[in-house]
Amino acid sequence: MHPCLIPSHDESRGPSFNRGAERRRSSILSRPRASHDESRGPSFNRGAERRRSSILSRPRERSTFTECHAAPRQVLSRPRLSGTMSGVGHLPLGLLLLAQAVLGAATTRFQDVLSQGSTSPVTSYKKLQGWSSDQNKWNEKLYPFWEEGDPRWKDCWKGGRVTAKLDSDSPALVGSNVTFAVTLQFPRCQTEDNDGNIVYRRNCTRDSPASTDQQFYVYNWTEWTDDCGWENCSRNHSHDVFPDGRPFPHHPGWRRRNFVYVFHTFGQYYQTTGRSSAKFSVNTANITLGEHGMAVSIYRRGHSGFVPIARAKTVYSVTDKIPVFVSMFQKHDRNISDSIFIKDSPITFDVKIHDPSYYLNNSAISYKWNFGDGSGLFVASGSSTSHTYTLQGNFTLNLTVQAIIPVPCKPVTPTAPPPTSAVTTGPSSDSDSSPTVESVEDNPDGGCHIFRNGYYGSSIDVVEGILEVNIIQMTSIQMTESQAENSLVDFVVTCQGSLPTDVCTVVSDPTCQVSKSMVCDPIVVTDECLLTIRRAFEEPGTYCINITLGDDTSQALASALISVNGGASSGTTEGVFIFLGLLAVFATIGAFVLYKRYKQYKPIERSAEQTEKPEGFTAYFSSFKAIFFPNSTERNPLLKSKPGIV
């Protein structure tokens with residue numbers, strides 16, 4: 001009989017029964033057992049000895065039966081079995097069950113590797129397209145798993161530790177795609193070349209490109225694959241699989257992708273190959289609303305498998321509200337980030353919808369504005385609008401963005417009318433708690449469209465500010481040559497609105513593009529916005545002047561072109577021009593006198609045969625002389641009586 005079937009202690013049977021049971025148990029345990037048999041060989045003897053030791057080491061409890069609890073009380077009337085038969089008949093089944101439990105516990109799954117010490121709270125989920133359950137088996141032999149703090153992390157990469165940065169473009173509207181991008185950051189002076197290999201540059205400055213003799217390979221994966229023949233190498237070819245055993249996709253350039261990225265979220269995983277960066281998108285239609293964690297484990301190619309090099313994680317969110325942001329701009333606003341604006345000046349509102357996957361491209365979007373100043377509701381179809389506040393004070397801006405998203409129409413199915421109790425029940429304080437209300441809001445037309453809303457609110461302060469600046473007069477200041485080092489100009493400026501507290505003058509080139517100097521001064525204006533600003537110019541020329549008046553919340557600008565003449569140098573230039581003018585007059589008079597003195601007279605009348613037609617330069621000179629000195633102007637024709645003159 002097996003020792004577990006012998007009652008060892010029972011208070012209801014009395015002391016005599018207990019003593020007899022104890023003697024019977026001792027008698028059975030003292031019998032020789034089949035713990036050693038030379039004919040069975042060493043392995044059998046060692047196994048039998050282990051089984052005997054296991055039975056003898058079991059503790060006894062003070063109960064009706066021992067810890068096995070396997071036989072009812074009437075088994076005691078059965079014929080006794082030898083110890084050898086009992087050990088052989090019961091132990092193999094227990095060993096098989098124990099071995100199966102040990103093997104099941106030793107199996108590594110994706111959840112164990114990718115959860116990074118924290119188990120995902122998701123117990124049931126909808127399947128993501130292209131993703132697999134994290135309950136699948138992980139090939140730990142090909143892809144080893146190291147805990148944080150394992151000393152092997154220090155030697156997983158040559159030259160230092162590789163870090164990974166994981167980013168996303170969330171928040172994502174449910175139904176759209178959320179994109180994740182992971183980038184590897186190598187140790188200093190290590191980069192990835194065009195073939196996907198890792199090289200080290202000796203002179204790794206940003207400006208100087210490294211030559212081929214100044215760099216060497218950290219990991220030359222191209223040489224590994226070329227030496228192995230790639231497709232003909234069974235050693236490397238057998239390693240071109242993911243942790244779940246699926247083969248790598250053989251798309252163009254797949255040989256240059258020497259990193260394996262395994263992403264994990266929402267109880268599922270996604271695996272891909274890549275170079276020093278990877279990017280992918282996942283649709284959020286089957287992801288519950290709220291924040292979720294995304295983790296990634298990166299492995300590099302090794303000679304006999306893959307080596308873990310980095311891990312990273314980030315948080316992304318999925319929402320059913322359209323992510324909306326509004327930027328505000330005002331012409332005379334000094335600080336656009338303080339939400340303080342100027343009265344009687346239009347404010348431009350520009351709506352930005354966060355939709356990086358262009359999910360709302362084919363949607364009809366409307367914008368409902370409430371500016372909070374009693375002007376009513378304003379509905380627009382464009383993302384930009386403007387509004388002018390005519391009163392000072394604090395106002396609350398509210399914007400509602402509605403998108404009508406077209407989707408495939410659902411078949412119309414007849415539905416039973418709602419029960420009477422549902423109609424008489426009062427409205428719920430939480431609209432999201434009612435699935436019926438949510439479905440009606442999302443699909444009010446029966447399933448051909450989905451309605452999504454987005455909300456934005458902001459507080460706006462409206463104050464008095466400087467609205468306009470005008471330059472009404474520019475006057476050049478006359479100074480003596482001994483006093484004038486620079487040219488001085490006075491600008492008379494007026495403004496509308498509040499009184500300024502500072503003034504800035506910017507002097508630029510005539511195109512108003514290149515600034516040459518800027519001067520800012522505090523001013524005190526107590527009554528009327530009328531002030532005179534004096535500025536000095538070092539050199540004569542044409543300048544563009546920008547005068548800005550400002551206070552704590554606003555500023556306004558006025559521009560003008562001014563031509564500046566030099567101070568002391570202007571008189572010298574004027575004297576030079578006068579001297580040159582007088583010199584030209586005296587030269588003209590002297591030339592005329594000399595010409596009158598030495599000119600020769602020609603006969604006034606000639607016979608026809610003596611007249612010769614002038615040619616060449618003489619003809620042109622005669623015409624010029626005839627115009628300026630005609631014959632009729634001669635006052636005393638004294639040579640008329642000489643022979644040969646008519």
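Note that the structure is predicted; figures quoted are calculated from it, not measured.

Conventions we followed
Residues numbered from 1 in each chain as written. Predicted model: local features only at pLDDT ≥ 70, side-chain atom pairs only at ≥ 80, totals over all residues. Heavy atoms only, no water. Pairing = 2+ DSSP bridges. Helix = DSSP H or I, 4+ residues; strand = E, 2+ residues; numbered from the N terminus. Axes fitted to C-alpha atoms, helices over the stretch in contact; angles between N-to-C directions. pLDDT = per-residue confidence, 0-100. Contact = heavy atoms within 4.5 Å. Core = buried A, V, L, I, M, F, W, Y, C linked by side-chain atoms within 4.5 Å. Buried < 20%, exposed > 50% of the residue type's maximum accessible area, 1.4 Å probe, protein only. Patch = residues over 30% accessible without salt bridge, like charges linked within 9 Å, V, L, I, M, F, W, Y side chains within 5 Å. Areas by Shrake-Rupley, 256 points an atom, 1.4 Å probe, with all protein chains shown as cover. Salt bridge = Lys/Arg side-chain N within 4 Å of Asp/Glu carboxyl O.

Turning our attention to the sheet that holds strand β2 (residues 163-168). Strand order in this open sheet of 3 strands is β2-β4-β10, and the pairing throughout is antiparallel. Every interior strand has two partners, whereas the edge strands, β2 and β10 (277-283), have only one. Within the sheet, the average angular offset between the axes of one strand and its neighbour, ignoring direction, is 15 degrees. Strand direction decides the pairing type here: β2 and strand β4 (residues 177-185), joined by 6 bridges, are antiparallel. What sits directly across from Asp-167, in β4, is Ala-181.

Turning our eyes to something else, we now look at the confidence of the model for the protein. Interpreting fine coordinate detail is not advised for predicted regions of low pLDDT. Averaged over the protein, the pLDDT score is 74; the fraction of residues at 70 or greater is 62%. Low pLDDT, under 50, characterises residues 59-91; the predicted model gives this stretch 46 contacts beyond four residues in sequence or across chains. Note that residues 101-105 has pLDDT below 50 and, in this model, 0 contacts with residues that lie over four places away or in other chains.

A few words on the nonpolar core. By size, the foremost hydrophobic cluster in this structure holds 37 residues, and its most contacted members are Trp-157, Val-182, Leu-184, Phe-259, Tyr-261, Phe-263 and Ile-298. Sorting the residues of this core by element identifies β2, β4, β7 (215-219), β8 (259-265), β10, β11 (290-301) and β12 (306-319) as the ones contributing at least two each. No other element matches β12, which puts 6 residues into this core. Apart from residues no more than four positions distant in its own chain, Leu-184 is found in contact with Val-162, Thr-163, Ala-164, Phe-259, Tyr-261, Arg-275, Ser-276, Ile-298 and Ile-309. Counting residues in each nonpolar core, the second largest holds 24 residues, with Val-324, Met-328, Phe-395 and Ile-405 among its members.

This next bit is on a nonpolar patch on the surface. A cluster of nonpolar residues, Ile-578, Leu-582, Val-585, Phe-586, Ile-589, Phe-592 and Val-593, forms a patch on the protein surface that exposes about 720 Å² of accessible area. Within the element layout of this structure, Leu-582 appears in helix α9 (residues 568-598).

All right, on to the pattern of salt bridges then. This model, assessed by the stated rule, comprises 13 salt bridges. Of the charged contacts in the structure, one is a salt bridge between Arg-311 and Glu-148, with a shortest N-O distance of 3.4 Å. In this pair, Arg-311 is assigned in strand β12 and Glu-148 in the loop between β1 (132-133) and β2, connecting sequence segments 163 residues apart. Among the residues examined, Glu-148 registers a relative accessible area of 57% and is labelled exposed. As a salt-bridge pair, Lys-321 and Asp-320 come within 3.2 Å of each other at their nearest N and O atoms. Each of Lys-343, Asp-344 and Glu-464 takes part in a single network of salt bridges with overlapping partners.

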